[in-house]
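Residues per chain are reported as follows:
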Amino acid sequence: MTVDIIIYHNPECGTSRNALAMIRNAGIEPHVIEYLKTPPSRSQLESLIARAGIGARALLREKGTPFADLGLGDEGLSDTALIDAMMAHPILINRPLVVSPLGVKLCRPSEAVLDLIPAAQRGAFAKEDGEQVVDAAGNRVTAG
């Protein structure tokens, strides 16, 4: 099966690495965009936010970023101002953001990527922390 999936990825992020591994566990090699090296253009970022059905604030990353220093916690800031900040500091873009024929989603937690993969998992998958997400038959494991 040929499927076109794009992942905006940060290899330093465990959540991003787990999402990428689940895509590959379905036998799909996605287009990997290391967005800190190759940030999306403003129009691409605006399109991704719109296609994901979220506001710009929902895509903002706080941890390990200049979020607080830039005063981005101010709820009065417009989406335009938040996107301006993400364009100036791509580390503010939360990850992984995944684009597939089934939609666009910020995949936090990483297993949210399973909703975007139009192919079955090929076997068991556990996240880096050991949490089982997919069983040996390729079925999603539900918590609880």
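See the structure above.
Residues numbered from 1 in each chain as written. Predicted model: local features only at pLDDT ≥ 70, side-chain atom pairs only at ≥ 80, totals over all residues. Heavy atoms only, no water.

Caption draft 1: Highlighting the packing of helix α2 (residues 42-52) against helix α3 (residues 79-88). Closest axis-to-axis distance for the α2/α3 pair is 11 Å, and the angle between their directions is 125°. Viewed along their axes, α2 and α3 adopt a mutual orientation that is oblique. Where α2 crosses over α3, the two elements pack in a sense that is right-handed. The segment α2 lies against α3, with Arg 42, Leu 45, Glu 46 and Ile 49 engaging Thr 80, Ile 83, Asp 84, Met 86 and Met 87. Within the contact of α2 with α3, the residues separate by chemical class into 5 nonpolar, 1 polar and 3 charged. (Axes fitted to C-alpha atoms, helices over the stretch in contact; angles between N-to-C directions. Helix = DSSP H or I, 4+ residues; strand = E, 2+ residues; numbered from the N terminus. Parallel < 35°, antiparallel > 145°, perpendicular 65-115°, else oblique. Left-handed = near helix turned anticlockwise from the far one by under 90°. Contact = heavy atoms within 4.5 Å. Nonpolar A, V, L, I, M, F, W, Y, C, P; charged D, E, K, R; others polar.)

Caption draft 2: Inspection of the pairing of strand β2 (residues 31-34) at higher detail. Note: strand β1 (residues 6-9) against β2, 4 bridges, orientation parallel. Considered in β2, the bridge of Ile 7 is made with Val 32. You can see the chain leave β1, run along helix α1 (residues 14-25) and come back into β2, and the turn it takes is right-handed. (Pairing = 2+ DSSP bridges. Right-handed = clockwise from strand over helix to strand, strands pointing away.)

Caption draft 3: Spatial organisation of the pattern of salt bridges. Under the definition given, this model contains 10 salt bridges. Overlapping salt bridges bring together Arg 42, Glu 46 and Asp 84 as one network. (Salt bridge = Lys/Arg side-chain N within 4 Å of Asp/Glu carboxyl O.)

Caption draft 4: Spotlight on the nonpolar core. Formed by 21 residues in total, the largest nonpolar core has its most connected members in Leu 59 and Met 86. For Met 86, the contacting residues outside a window of four places in its chain are Leu 45, Ile 49, Ala 56, Leu 59, Leu 60, Leu 92 and Ile 93. Ile 5, Ile 28, Ile 117 and Phe 125 belong to the second-largest nonpolar core, a separate cluster that totals 20 residues. (Core = buried A, V, L, I, M, F, W, Y, C linked by side-chain atoms within 4.5 Å. Buried < 20%, exposed > 50% of the residue type's maximum accessible area, 1.4 Å probe, protein only.)

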